Amino acid sequence: QQQVKQSPQSLIVQKGGISIINCAYENTAFDYFPWYQQFPGKGPALLIAIRPDVSEKKEGRFTISFNKSAKQFSLHIMDSQPGDSATYFCAASLGNTGNQFYFGTGTSLTVIP
Amino acid sequence: GAVVSQHPSWVICKSGTSVKIECRSLDFQATTMFWYRQFPKQSLMLMATSNEGSKATYEQGVEKDKFLINHASLTLSTLTVTSAHPEDSSFYICSAHDPGGRETQYFGPGTRLLVL
């Protein structure tokens, strides 16, 4: 059973546009929601993360929107650049006690110049 | 930020041989480390959770005798793929939990394994 569902599978955005990736989760006990960026042949790197006590978090061009009642969260990449072309994974976990991450299926983002 | 290293970064081996992959937390002590497997264009699949000083907890469907995990110290966990076969070829990624860190898990750069 997929604990975290992610869409779309792939996304093509024009340079300067907004990239939006969505995730939905089932377990209401999840309380940590990170987004990871992964380039080919590299390990995932943390982009931004949010906890359920806030509805939005912004760091530079990256924003997480969180809807607790709908059990959904999304990543917005503003002013998308070709260098943002990568695979993005959302994840969910229980607290910060070193519990496992449940990853989404990934979104391949291509930003065209 | 905290750094997790993996060694080797890539390895090619013959079918039937064993391969050891190391995961090290370089500037923090990791009581818990995780091992993932990733196939091309797919998500990360958790293989096992490794706790220092105790046996690893394997996910359903992962053969513990095939994928041996040893977390002998607070900064080192190893994954040994025993009697590797071509279907074991994959990208293996570890992560480490730093209780005092900003992130809950720090990921290593991954190890590409190709079994011929």
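Here is what the cut-offs are and how they apply
- Residues numbered from 1 in each chain as written.
- Chains lettered and ligands numbered in written order.
- Predicted model: local features only at pLDDT ≥ 70, side-chain atom pairs only at ≥ 80, totals over all residues.
- Heavy atoms only, no water.
- Helix = DSSP H or I, 4+ residues; strand = E, 2+ residues; numbered from the N terminus.
- Rg over C-alpha atoms; globule rule 2.2 N^0.38 Å.
- Buried < 20%, exposed > 50% of the residue type's maximum accessible area, 1.4 Å probe, protein only.
- Phe/Tyr/Trp six-rings, centres within 6.5 Å; stacked < 30°, edge-to-face > 60°.

Trainee: It is not clear to me how the overall build of chain B should be interpreted in this structure. Could you clarify?
Mentor: Broken down by element type, chain B carries 0 helices and 11 strands. N-terminal to C-terminal, the α/β element order of chain B is β-β-β-β-β-β-β-β-β-β-β. For 116 residues, the compact-globule estimate of 2.2 N^0.38 gives 13 Å, and chain B sits close to it at 13 Å. Principal axes of the C-alpha set define a box for chain B whose edges measure 40 × 25 × 20 Å. Within chain B, the fraction of its 116 residues that count as buried is 52%.

Trainee: Would you explain unusual backbone geometry in this entry?
Mentor: Excluding glycine, a negative phi dihedral is what most residues carry, and trans is how most peptide bonds are arranged. Cis geometry is found at the peptide bond from Ser7(A) to Pro8(A), where omega equals -5°. Mapped onto the secondary structure, Pro8(A) falls in the loop between strand S1 (4–7) and strand S2 (10–14). Note that the residue after His7(B), namely Pro8(B), is joined by a cis bond; omega there is 0°. Relative to the helices and strands, Pro8(B) is located in the loop between strand S1 (4–7) and strand S2 (10–13). Residues other than glycine seldom take positive phi values, yet Lys71(A) does so here, at roughly 55°. One can find Lys71(A) in the loop between strand S7 (62–67) and strand S8 (72–77). Within the chain, Ser83(B) stands out as a residue other than glycine whose phi angle is a positive 45°. Topologically, Ser83(B) is positioned in the loop between strand S8 (76–81) and strand S9 (90–97).

Trainee: What's the story with the packing of aromatic side chains in this structure? I'm lost.
Mentor: Counted by the stated rule, this structure contains 21 aromatic pairs over all chains. Centre to centre, the rings of Phe103(A) and Phe107(B) are 5.9 Å apart; their planes meet at 70°, and the pair counts as edge-to-face. Taken together, the residues Phe103(A) in strand S10 (residues 102–103) and Phe107(B) in strand S10 (residues 106–107) connect one chain to another. Phe107(B) carries the same exposure label as Phe103(A), and that label is buried. Between Phe28(B) and Tyr106(B), the aromatic rings sit 5.5 Å apart at their centres with planes inclined by 50°, giving tilted as the arrangement. Here Phe28(B) is found in the loop between strand S3 (19–25) and strand S4 (32–38), whereas its partner Tyr106(B) is found in strand S10, with 78 residues between them in sequence. When its relative accessible area of 7% is taken as the criterion, Phe28(B) is described as buried. Through a chain of ring-to-ring contacts, the aromatic side chains of Tyr25(A), Phe30(A), Phe33(A), Trp35(A), Phe66(A), Phe73(A) and Tyr102(A) assemble into a single cluster.

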